[in-house]
Amino acid sequence: LGSTGPAYGQARLRIAAPAPDTGVGEIQVAGPYVMKGYFKDPELTAAAFTEDGWFKTGDLGYFDEQGYLFIKGRSKNVIIGPSGENIYPEEIESILLQSPDVLEALVMDIGRTLVARVYLDHQRIDEKLGNAPGNKRKEYLLCLLAELREQVNSKVSSFAKIHKVVEQTEPFEKTPTQKIKRYLYR
């Protein structure tokens, strides 16, 4: 559960420079399914592949004892904790997204504290609250944000606890592949 599974077909997977304590490192792939390189761009191609021909995915992960791959997040998104711990924002975001009231989530490091921004499902919230007055709605939203923070913090390591959950009032701006443009919210 939670794994992407073992390598498929002729694909070969490996973890580069795994951390001694967690086994987490960059996922690299080789095989006939992998591109040969970037069209007419040897410099970008050289940066994307190891010297022995493995494609650097930019994803971080580890293998369990049965050879199942678990993806932790993107290497460029890792947040370094106060004592040097790796914090994977995607893991925290996935916990936030378990709430039916959360449509989108983004976790970031602001001033050495973790802050989560959530875009809420206001249609669902409106159905729950009906014609409640504005002050009741505001009170409900504040309680919901506090509850989300408690839920996350009960499921993550002490160094990955979020300090605050704030509401994102508009959907996050996304790439054409529907990934949140993280750099816009730093």
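Just above, that's the structure.
Our subject in this report is the structure included herewith. (Residues numbered from 1 in each chain as written. Predicted model: local features only at pLDDT ≥ 70, side-chain atom pairs only at ≥ 80, totals over all residues. Heavy atoms only, no water.)

1. Side note on the sheet that holds strand β3 (residues 55-63)
For the record, the criterion: Paired strands are those between which DSSP finds at least two bridges. Strands here mean DSSP runs of E at least two residues long; helices mean DSSP runs of H or I at least four residues long; both are numbered from the N terminus. Only the contacting stretch of a helix is used when fitting its axis, a line to C-alpha atoms as for every element, and angles between N-to-C directions run 0 to 180 degrees.
The sheet built from 4 strands is open, its strands ordered β1-β2-β3-β4 with antiparallel pairing. Two strands close off the open sheet at either side, each with one partner strand: β1 (12-16) and β4 (69-74). Across this sheet, the average inter-strand angle for adjacent strands is 50°, counted without regard to direction. Relative to strand β2 (residues 25-30), β1 runs antiparallel, the two sharing 5 bridges. Looking at the pairing, A16 lines up with E26 of β2.

2. Let's talk about the pattern of salt bridges
A side chain of one charge can pair with a side chain of the opposite charge when the charged atoms of the two come close. Under the convention used in this document: Every case where a carboxyl oxygen of Asp or Glu lies within 4 Å of a side-chain nitrogen of Lys or Arg is listed as a salt bridge. When accessible area is computed with a 1.4 Å probe and restricted to protein chains, residues below 20% of their type maximum are described as buried, those above 50% as exposed, and intermediate ones as partly exposed.
Taken as a whole, this structure holds 9 salt bridges when the rule is applied. As a salt-bridge pair, D101 and K128 come within 2.9 Å of each other at their nearest N and O atoms. Of this pair, D101 sits in the loop between α2 (89-96) and β7 (102-110) while K128 sits in helix α3 (residues 122-129), placing them 27 residues apart in sequence. Its relative accessible area of 5% is what places D101 among the buried residues.

3. Description of helix α4 (residues 134-153)
As a reminder of what qualifies: Working rule for helices: expected span equals 1.5 Å times residues minus one. The directions considered for the arc run from the helix axis to the C-beta atoms. Contacts were defined at the residue level, with two residues in contact if any of their heavy atoms lie within 4.5 Å.
Spanning 20 residues, α4 covers 29 Å between terminal C-alpha atoms, matching the ideal 28 Å at 1.5 Å per step. Those residues of α4 that fall on the buried side of the exposure criterion are L141, L144, L145, L148, V152 and N153. Seen from one end, α4 has its buried residues packed into an arc of 165°, which puts them on one side. For α4, the exposed residues set more than 90 degrees away from the buried face come down to N135, L142 and E150. Contacts from the buried residues of α4 go to α2, β7, β8 (113-120), α3 and β9 (164-167).

4. Overview of the packing of α2 against α4
Filter applied, for reference: Each angle receives one of four descriptions, namely roughly parallel if under 35 degrees, roughly antiparallel if over 145, roughly perpendicular if within 65 to 115, and oblique otherwise. Crossing chirality is assigned from the near helix's rotation relative to the far helix, an anticlockwise turn below a right angle marking it left-handed and a clockwise turn marking it right-handed.
Where α2 contacts α4, the two axes come as close as 9 Å, and the packing angle between them is 125°. Classified by the interaxial angle, the pair formed by α2 and α4 is oblique. Two packed elements cross with a definite hand, and for α2 against α4 that hand is right-handed. Contact with α2, carried on its side by I92, I95 and L96, involves L148, Q151 and V152 of α4 and no other residues of that element.

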